[in-house]
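Notes for the structure review
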Amino acid sequence: MKITCIIVEDEPLAAERAKDYIRKLPFLDLLADFDNATDALVFLKMNKVDLLFLDIHLGALSGIQLLETASLTCQVILTTAYHEYALKGFDLKVADYLLKPYTFERFVQAVERVQPHFAKTEPNPEKRFIFVKIEYRLEKVFLDDILYIEGMGNYRRIHTRDKRLMTLQTFSELEQEIPPTMICRVHKSFMVAVDKIDSIEKERIHIGDAYIPISDTYKQAFFELIQPLNK
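Let me sum up the structure you'll find in this document.

**Topic: the packing of aromatic side chains**
In total, this model carries 10 aromatic pairs according to the counting rule given. Judged by centre distance (5.2 Å) and plane angle (65°), the ring pair of Phe222 and Phe223 falls under edge-to-face. For Phe223, a relative accessible area of 30% gives the class partly exposed. Feature note: the residues Tyr21, Phe53, Tyr102, Phe104 and Phe107 constitute an aromatic cluster, connected by ring pairs. Just above the ring of Tyr102 sits the side chain of Arg17; from NZ or CZ to the centre is 5.8 Å. Note that Lys140 overlies the ring of Phe129, its terminal NZ or CZ placed 4.2 Å from the centroid.

Dropping the structure here:
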């Protein structure tokens, strides 16, 4: 699933950095970039955009003013060199706040905060299996056999009912293949099969002999996903 996005940034170097980071994430689709909020607002009214990377100091119309005056349906990540706007940004319900100069790792963390929001919009509960890259082959893995997926450095370890598989595929690639209603992200290092959960206690998930943490980044989306199952 592609996440469409635009950049609103009046500093050329900062705009180039953001574009370079976006190019490194294949699931992001950059539609346009603007150096002022006015042109960006016109574009947003005429086009469907999932994610907005928004600078605060933009001249005549600031990023904060854009958020206060426009009815935006997209997710927003603020980018600025001024930390004093963080509280205001979160009052306006932005997804994250990137303080310049931010690293690629921090950029990825911000994007991962919004991914569960979009993943829930396109569930595919009928999918039964995926093909996983294992060394020099593609191995068929039935989704119903997966218990959880664990991040281990550059690798992801897929724990199934009867074996463990190691793959270099990233969590982002796996999330694009797997319906989030079946196996969802709960931590930067874990995905879990929802129907294999034995219990949840103190922000930990118990599956078999494993105890898996739930991070703040994914907590809300996870509990929103499982809550209907309890009603």
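**As for unusual backbone geometry**
Backbone torsion omega between Lys100 and Pro101 reads -5°, so that peptide bond is classified as cis. One non-glycine residue, Glu135, lies in positive phi territory at about 55°. A positive phi is found at Lys202, a non-glycine position, where the angle reads about 50°. With respect to the helices and strands, the residue Lys202 is situated in the loop between β13 (199-201) and β14 (204-207). Note on Lys202: relative accessible area 75%, which makes it exposed.

Criteria and cut-off values
Residues numbered from 1 in each chain as written. Predicted model: local features only at pLDDT ≥ 70, side-chain atom pairs only at ≥ 80, totals over all residues. Heavy atoms only, no water. Phe/Tyr/Trp six-rings, centres within 6.5 Å; stacked < 30°, edge-to-face > 60°. Buried < 20%, exposed > 50% of the residue type's maximum accessible area, 1.4 Å probe, protein only. Lys NZ or Arg CZ within 6 Å of the ring centre and 35° of its normal. Helix = DSSP H or I, 4+ residues; strand = E, 2+ residues; numbered from the N terminus.

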